[in-house]
Each structure stands twice: as structure tokens, then as C-alpha cells.
Amino acid sequence: MEFVNPEGLRLDGRRAMEMRQLRAQIGAVSKADGSAVFEMGNTKVIAAVYGPREVQNRSQQMSDQALVRCEYSMANFSTGDRMRKPKGDRRSTELSLVIRQTMEACILTHLMPHSQIDIFVQVLQADGGTRSACINAATLALADAGIPMRDLVTSCSAGYLNNTSLLDLNYVEDSAGGPDVTVGILPTLDKVTLLQMDAKLPMDIFENVMQLAIEGCKAVANYIREVLQENTKQLEVRRGV
Amino acid sequence: MVGLSVGEKRFIQGGIAQDLRSDGRKRLTYRPIYVETGVIPQANGSARVKMGATDVIACVKAELGRPSPLQPDKGKVAIFVDCSPTAEPTFEGRGAEELSAELSVALQRCLLGGRSGAGAGIDLSSLVITEGKVCWDLYIDGLVVSSDGNLLDALGAAIMAALSNTGIPRVLVAASASPDEEPEVDISDEEYLQFDTSGVPVIVTLTKVGRHYIVDATSEEESQMSSAVSISINRQGHICGLTKRGGAGLDPSIIVDMISVAKHVSEQLMNKLDSEISAAEADEDEL
């Protein structure tokens, strides 16, 4: 199948290095301490953060740092074919773990001992790149909740199909069987916190694809910063500063 | 879980007794309702309904299926509700299973009628393509994104909005040679039939706190309830289903009184929803 036509356009009309349209909104769930909706093209994710609060299960309490928990869930209608999946299947358990570890790395947990922070991500629509969208949504929600963080974490994926590196794969490109490199970075500190790839890829091409994904992460970081600044300005206006 | 002090509880109860609730509403006033349609492009129809801090999404998907042998002239509709942990941390893992099941069954009772499908708010016979052979299976999925009380009414409204947003593809059935053969079907991807929602009822939940009952209770008010009655009423003013929740017993005369109040409130709610849905549809067409 041809994923990039001779003019260099992809199936959805994007260029190889082009990202899908990003859209983010802070404060989607009014009862949560922090929440956000993040959209990458047709992929749409809601994240909600509760905490820091009292640890619910006393045996998990830690005296030197905060307990970070995460649950990933997919809506029944999120995929093209409707399916009813049991909660806690292996894929969502793995994704919960990945998101938890990535977010834990950037939260200053030592500032909040004896407490717990819950991150819940809910996929409303899945069209490739849910992993990245979840991490981006979680970052925004954590920032909205005012939880101290080292840096933002942003994530983006890239792949390699038809001898071309492609940024931000959609579902059709993702299921083509080519490599899918998901990268998460701390944009200010310039460090990689998440790196996953399936399928095989020559070393030099891998470097290329990873670099492309990192560029994507930086673009997401710029967008997220803009959204946060805009939100802070609005809060300022509301307070009458 | 709602943690309230004794003073706060008194305040809520006293407010309801004086017809002035904590958020300034009267006993029979709804919170502002906000409807958005077409939120899930992959589905046949979808809608998001917000009532104050309660936020739910309903989504309709249509698939071709076989009618059940007992009712060859009726399509099938299934309603499932899921409560996302984003709404409340206690919904994590299997924590929401009980509530999800309760809401699903209550909605089924209110919208689909009895097992025979008679008296259903949704016209099941309009879903049949070839009697006994092919029909549409409608899957209605509800998702609670944020919860602040009155989930059932919000889900009912969201399902109504999603159904009026639903387009079902026109299906052409090739005449098969013998009646035993599987008919060949051709699903059109251009022509869509608008789903008829004139018979879909709205759900009104009356929550009894103290000696009075209120509509559209917030979760704080729900924590003070003794019992609640959910009544689904259609445009003709007929009752399509009824559910009572909560342990405390109710005097039969009060139930009859509640039903007549619910009927009155449902007319206002239906008008409000109709105007919100048509506004949302107009917004969507503009985009």
C-alpha cells in the first residue's frame, strides 16, 4: 500500500514532517483538581488529576515521597468498530504503567510526602498516537492542578514507511506494520524520559526517526506552553490583577 | 463521596424546605443545560450534555444484525453506560461497575420498555430491513465524564440528543431467489435516514429530601435524599418507565403527586432540550 504518494503527501493530506492539528482545553472536569482535553487530529483524550490528597490505602503510603497512580481507560465507542473490552486488559495496564512512570519522573514527589496523586486518562476517540496524546493531556492536567513539576513532559510518535520518516502516525499508518517510535521528552531540560519502538529499523534511520519525533515533542511543548500561558492570563483577568 | 458537616447538611435541608436551594435555584428548577452534537465523528450519532458540573457523552452506533426469532419484526437496541474514573476517583478499576449497571438497567427500563419491546420509547420496528432476516442493531453507549448528581436525567437527555443526531444509512436489499437464502444487502454511504425521535421520552428524577422533593439534585443534595423516583415521560404525556431508588418508603399518594409534578416539569424540559438540540445541530452545520 502506498502511504506517501509521489507528490510527498500522506493519506490524510499531510506532508511527511507535518503534525496533525493540536487542540487543548484546560478545565474539562469541574470536580477534579486539574483536568484537560487534548486532541491530536481525531485522537481525543481527557485527563483528570485528583490530589495531592490523603493516601487511600494506608499500606501504600510513603514517608519520603508522594504516591503517583494512573489509570488508562478507553470508551466503548472510541475505536472504529465498537467493542466491549473488560477493564484492566493487558494493553491498558501497560499503558497505565508507562504514563505513570513518565509522569512520576517529572513530578517533584519529594515535596509531598504522605500523599497521593491520581491521574485518570480517558480516551474518547482513538486514531493512532493515544499514548502520546495521553501523556500530553496528563501534563496539562497536572499543570492545571498546580502540582510542582521539574518540567513539562511532552510526547509524540514517528514512524518509517515507504522509505520516508513520518511524524505523528494516524491509525491507518500505525497499523501498517512499520516501526512506531514513541518519544517523551522534558523539553527545557532536553532529556528523553520515554522511548518505545516496535519492529526493526537500521541504526542510522532510527536516529533520524527519533530526531523527528523529538522535534515533534518540542512543537507540542511550544503549543502546551501557549495554552498554559493563555489560561494563566485568563485566571489573572478573573482575579482582577 | 460527599463529606458534609452537620451544619452544611442542615443548610441544604433548610434551603430545600424554604424553596431556595444552596445554588439559588427553586425546588423545580433545572441547572442550565448545554448540548453539543456530533462530538464523536466515527459514530452514527453522538452528543454531549452538561448540566452544571455533570458532563455525559452518549454515542450511537448502528450495525447490521439478525432480528431475534421471537420478534422477527423488530430491531435490537442495547444500552451500556460506563462511568469514567475522571468523574470520581472511587470509580477506579471495578469501582463503578455497580453504578454503571444500575444506570444501564434504569435507562433500558425507561427507554426500551418491557422484554417484548412493546411500549418502547424508541420505535424498534423502524429498524427492521427485511423481516426475520436483517435489521439494525443500535448500540447506545453512555459515558459519564464528570459527575455532580442527576446522572440519569443527563444520560437520558444525551441519548435523546444523540438519537436526533443519528443518521442511519439507507440499505438496499437485493431480492433473493429463494426465501431460505441470505439476502444480499448494499449499504449506501451517501444516503442517510434521519432517526425519528418524536417518541423518545425524557427522564425526570424527583429526589425527596425531608418532606419536599426537588429536580436535578447535585451530589451534595443527593447525599441527603431519602428516596428518589425517576419517571420517563414522552411527548404525549405518557409514562414510559419508572424507577424508585433509595431505601425509605413512600406513601402511594405522594408517588401519584410526584408523577403529576414530573409530567408538568417534563414538558418544560422537553421544550428546553428541543431548542438546545436544534441550536447544537445548527452550530454543527456551520462548522
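Residues numbered from 1 in each chain as written. Chains lettered and ligands numbered in written order. Predicted model: local features only at pLDDT ≥ 70, side-chain atom pairs only at ≥ 80, totals over all residues. Heavy atoms only, no water.

**Some remarks on the packing of aromatic side chains**
Residues and elements named next belong to chain A. Summed over all chains, the structure comprises 1 aromatic pair over all chains. Here the aromatic rings of Tyr-50 and Phe-120 are separated by 6.1 Å at their centres, their planes lie at 65°, and the arrangement is edge-to-face. Residue Tyr-50 is located in strand β3 (residues 43-54), and its partner Phe-120 is located in strand β5 (residues 115-125); the two are separated by 70 residues in the primary sequence. Phe-120 carries the same exposure label as Tyr-50, and that label is buried. (Phe/Tyr/Trp six-rings, centres within 6.5 Å; stacked < 30°, edge-to-face > 60°. Helix = DSSP H or I, 4+ residues; strand = E, 2+ residues; numbered from the N terminus. Buried < 20%, exposed > 50% of the residue type's maximum accessible area, 1.4 Å probe, protein only.)

**Topic: unusual backbone geometry**
Glycine aside, residues mostly have negative phi angles, and peptide bonds mostly take the trans form. All names here are of chain A. The omega angle of the peptide bond from Gly-51 to Pro-52 is 0°, so this bond is cis rather than trans. Tracing the chain through its elements places Pro-52 in strand β3. Backbone geometry at His-114 places phi at a positive 60°, although glycine is not the residue there. Inspection of the secondary structure puts His-114 in the loop between α1 (90-106) and β5.

**Digging into helix α2 (residues 97-112) of chain B**
Since the α-helix turns once every 3.6 residues, residues separated by three or four places project in the same direction. Residue and element names in this part refer to chain B. With 16 residues, α2 ought to run about 22 Å at 1.5 Å a step, and its terminal C-alpha atoms sit 21 Å apart, in line with that. For α2, the full list of buried residues reads Ser-100, Leu-103, Ser-104, Ala-106, Leu-107, Cys-110, Leu-111 and Leu-112. Where α2 is buried, its residues contact β4 (76-83), α3 (151-164), β9 (202-209), β11 (227-233) and β12 (239-245). Positive phi shows up at Gly-113, right after α2, with a value of about 70°. (Expected span 1.5 Å × (residues − 1). Contact = heavy atoms within 4.5 Å.)

**Brief notes about the confidence of the model for chain B**
Averaged over every residue, the pLDDT of chain B is 87; the share at 70 or more is 94%. At the level of chain-chain contacts, confidence expressed as ipTM amounts to 0.88, with global pTM at 0.91. (pLDDT = per-residue confidence, 0-100.)

**Re the packing of helix α2 (residues 130-145) of chain A against helix α4 (residues 203-239) of chain A**
Residue and element names in this part refer to chain A. Two elements in contact, α2 and α4, have axes separated by 11 Å at closest approach and are oriented at 30°. What the angle tells us is that α2 and α4 run roughly parallel. As α2 packs across α4, the resulting crossing turns out to be right-handed. On α4, the residues that touch Asn-136, Leu-140, Ala-143 and Asp-144 of α2 are Val-220, Ile-224, Val-227, Leu-228 and Asn-231. Tallied by class, residues from the contact of α2 with α4 come to 6 nonpolar, 2 polar and 1 charged. (Axes fitted to C-alpha atoms, helices over the stretch in contact; angles between N-to-C directions. Parallel < 35°, antiparallel > 145°, perpendicular 65-115°, else oblique. Left-handed = near helix turned anticlockwise from the far one by under 90°. Nonpolar A, V, L, I, M, F, W, Y, C, P; charged D, E, K, R; others polar.)

**Describing the packing of α3(B) against helix α5 (residues 252-286) of chain B**
All names here are of chain B. Here α3 crosses α5 at 45°, and the two axes come no closer than 11 Å. Here α3 is positioned oblique relative to α5, judged by the angle of their axes. Considering how the two elements wind past one another, α3 and α5 form a crossing that is right-handed. The residues of α5 that touch α3, namely those facing Ala-157, Met-160, Ala-161 and Ser-164, are Met-270, Leu-273, Asp-274, Ile-277 and Glu-281. Per-class residue counts for the contact of α3 with α5 are 6 nonpolar, 1 polar and 2 charged.

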